[in-house]
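# Coordinates in review
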Amino acid sequence: MNSQIASSQVSPEGHLLIGGVDSVSLAKKYGTPLIVYDVGQIRQQIRKFKQVFEEEKTSYAVSYASKAFATIAMYQVAAEEGAYTDVVSAGELYTALKASFPMERVSFHGNNKSRAELEMAVKNHVGKIIIDNFYEIKLLKEVLQENDSHIKVMLRLTPGISAHTHEYDQTGQIDSKFGFDLNSGQAAKALQEVLAEPRMDMVGIHAHIGSQIFELNGFEMAAQKLMQVASSWREKYGYTAKIINVGGGFGIKYVSSDHPLKPEAFVKAIVETIKQEAAKNDYPLPEIDIEPGRSIVGPAGYNLYQVGSRKDVPGLKPYVTVDGGMGDNIRPALYQAEYETVLANNLKAREEEHVRIAGKYCESGDLLSADAFLPKTKPGDILAMLDTGAYGYSMASNYNRNPRPAVVFAENGHAQVVVKRESLEDLVRLDQSYQED
Ligand SMILES: Cc1ncc(COP(=O)(O)O)c(C=O)c1O
Ligand SMILES: N[C@@H](CCCC[NH3+])C(=O)O
């Protein structure tokens, strides 16, 4: 049996249990493809992050990077667990508002926030704006004046660290599109501009080096760099950062060859680095903020699919086709991301063939798995792809006019639909007929 499945997740008839609920019954009841979250696992991960900070006795914020999975129910769970959250668009902010997420715990990120988005953030009193560029300083200044308002801000810095991860997932390297560059003096200029603006309360600095990172080193370097910048700004400009935010990016295990540290181990290393740097430079210990997305929701998510057609290719791995694909999980096509897959309706069956799991979309690249080791499958079987909770549903599309799947939250043996399946009618809801004059 797949080693990523705990024995407690196997029902007596050999079905996969998610949050104590039979996944095969869920597939029958709600249809496939279906996205199911084990909510207990989400809560547990947030608690583990918080525990590290509590043990280290530092002030902190665990800010859930909601781009990984942004729905009303998810913001509610994050709020219940005392997490903060980051949003990167009016849409995410609107969803957080609908979830009654406490606005003072929201940070607004983004490298091209529009005037309308900044207005929405200011009017709803979000906790912090993480300023990314000079244009944004100007826009925000205008918005604050027009609304006779004040807001806490942080500056996003580009620390010049190339994290070991997929090129598309790097964000801290010098030529990144995100943040103010340190070496050219951009960052110091931004600091001066922001300090000169009485409506902006400059509370600290931020860096995020990338996503799905396995090594401690990049995070330690980023933490050290931020503290060095903070110390030099204190000396040069008399400015003391109250918050150091080191972003997210803690890697998770997708396949058996992945060996990441526990997400909370990354945080411990970051806190220790910041403490050491603070002691070395006699700097008042700042609040330490993190922004994990993937590590909070990734391992808790499962995509359930029903097996349909099969194509055998002499001498090559067969294609086993399912009723979903790149529309509900673009990551394999976009990043060659790998996942483990199990036969959810018979976990006890012996794996006997290597297959390719193809999606139903009209793209040869629509392969959910290039190599899955599975028992022999037949049409109607339910496959569960594991660890799909981050950047799956949030990057879903209606390609080929396929409706997006429903999302179910399962916890303590109960399941509840938290996002309905799109209907065919939903697909044409915004369409208008065209009439020639
Ligand atoms: C600024 C920022 N914070 C946090 C995250 C979350 O990253 P992850 O989901 O890898 O933890 C991202 C995404 O890479 C990001 O851009
Ligand atoms: N969508 C990416 C992560 C993006 C992180 C956002 N900066 C992934 O699935 O790996």
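Residues numbered from 1 in each chain as written. Chains lettered and ligands numbered in written order. Predicted model: local features only at pLDDT ≥ 70, side-chain atom pairs only at ≥ 80, totals over all residues. Heavy atoms only, no water.

### Structural notes on the pairing of strand 5 (residues 84–87)
- Note: strand 4 (residues 60–65) against strand 5, three bridges, orientation parallel. The residue bridging S63 from the neighbouring strand is Y84, located in strand 5.
- Each parallel crossover has a hand, and for strand 4 linked through helix 3 (residues 72–80) to strand 5 it is right-handed.
- Pairing between strand 5 and strand 6 (residues 106–108): three bridges, direction parallel. Within strand 6, the position partnered with D86 by the bridge is S107.
- Taking the sense of rotation as the criterion, the β-α-β connection linking strand 5, helix 4 (residues 90–98) and strand 6 turns out right-handed. (Pairing = 2+ DSSP bridges. Helix = DSSP H or I, 4+ residues; strand = E, 2+ residues; numbered from the N terminus. Right-handed = clockwise from strand over helix to strand, strands pointing away.)

### A look at the site of ligand 1
- What surrounds ligand 1 is a group of 16 residues, the closest being H208, S211, E291, R294 and Y391.
- In the environment of ligand 1, an oxygen atom lies 3.0 Å from a nitrogen or oxygen atom belonging to the side chain of K67.
- When ligand 1 is considered free in solution it has 390 Å² of accessible area, and contact with the protein chains removes 94% of it.
- Of the residues that constitute the shell around ligand 1, the class distribution is three nonpolar, eight polar and five charged. (Near = heavy atom within 4 Å. Polar contact = N/O pair within 3.5 Å; in protein donor to acceptor, adjacent residues only side chain to side chain. Areas by Shrake-Rupley, 256 points an atom, 1.4 Å probe, with all protein chains shown as cover. Nonpolar A, V, L, I, M, F, W, Y, C, P; charged D, E, K, R; others polar.)

### Some thoughts on the packing of helix 2 (residues 39–56) against helix 9 (residues 263–280)
- Contact pair helix 2 / helix 9: the axes reach a minimum separation of 9 Å and the direction vectors enclose 25 degrees. One finds that helix 2 runs roughly parallel with respect to helix 9. Where helix 2 crosses over helix 9, the two elements pack in a sense that is right-handed. Of the residues in helix 9, those in contact with Q45, K48, F49, V52, F53 and E56 of helix 2 are P263, E264, V267, K268, V271, E272 and K275.
- For the contact of helix 2 with helix 9, the per-class residue count stands at six nonpolar, one polar and six charged. (Axes fitted to C-alpha atoms, helices over the stretch in contact; angles between N-to-C directions. Parallel < 35°, antiparallel > 145°, perpendicular 65-115°, else oblique. Left-handed = near helix turned anticlockwise from the far one by under 90°. Contact = heavy atoms within 4.5 Å.)

### What about helix 1 (residues 23–30)?
- Burial in helix 1 covers these residues: S23, V24, L26 and A27. Down the axis of helix 1, the sector holding all buried residues measures 160 degrees, keeping them to one side. Exposed positions of helix 1 whose direction lies more than 90 degrees from the buried face are K28 and K29.
- With a side-chain oxygen lying 2.7 Å from the backbone nitrogen of V24, the N-terminal cap of helix 1 falls on D22.
- Directly beyond the C-terminal end of helix 1, a positive phi value near 85 degrees is found at G31. (Buried < 20%, exposed > 50% of the residue type's maximum accessible area, 1.4 Å probe, protein only. Arc of directions from axis to C-beta.)

### Structural notes on the packing of aromatic side chains
- For the structure on display, the rule yields 13 aromatic pairs.
- Measuring from centroid to centroid gives 6.2 Å for F69 and F409, while their planes differ by 45 degrees, and the two rings are tilted. Residue F69 is located in the loop between strand 4 and helix 3, and its partner F409 is located in strand 19 (residues 406–411); the two are separated by 340 residues in the primary sequence. Each of the two residues, F69 as well as F409, counts as buried.
- An aromatic cluster of three or more residues is present, and its members are Y37, F69, Y393 and F409. (Phe/Tyr/Trp six-rings, centres within 6.5 Å; stacked < 30°, edge-to-face > 60°.)

### Quick word on the packing of helix 4 against helix 5 (residues 115–123)
- Helix 5 packs onto helix 4 with a crossing angle of 25 degrees between their chain directions and a minimal axis gap of 10 Å. Taken as axis vectors, helix 4 and helix 5 run roughly parallel relative to one another. Here the hand of the crossing between helix 4 and helix 5 comes out left-handed. Residue-level contacts link A90, L93, Y94 and L97 of helix 4 to E117, M120 and A121 of helix 5.
- Residue composition of the contact of helix 4 with helix 5, by class: six nonpolar, no polar and one charged.

### Remarks on the UniProt feature "active site" (unreviewed entry) in the protein chain
- The sites that carry the UniProt feature "active site" (unreviewed entry) are, in the present numbering, C362.
- Tracing the sequence through the fold places C362 in the loop between strand 16 (353–358) and strand 17 (367–374).
- Residue classification places C362 among the exposed positions, given a relative accessible area of 63%.
- C362 has contacts with Y399 and N400, leaving out every residue within four places of it along the chain. (UniProt positions renumbered as here; feature names shortened; annotations may be inferred.)

### Thoughts on the environment of M395
- Positionally, M395 belongs in the loop between strand 18 (382–386) and strand 19.
- C-alpha of M395 to C-alpha of M326: the two residues are 69 residues apart in sequence and 9.5 Å apart in space.
- What M395 contacts, discounting residues up to four positions off in sequence, is I330, L334 and Y335.

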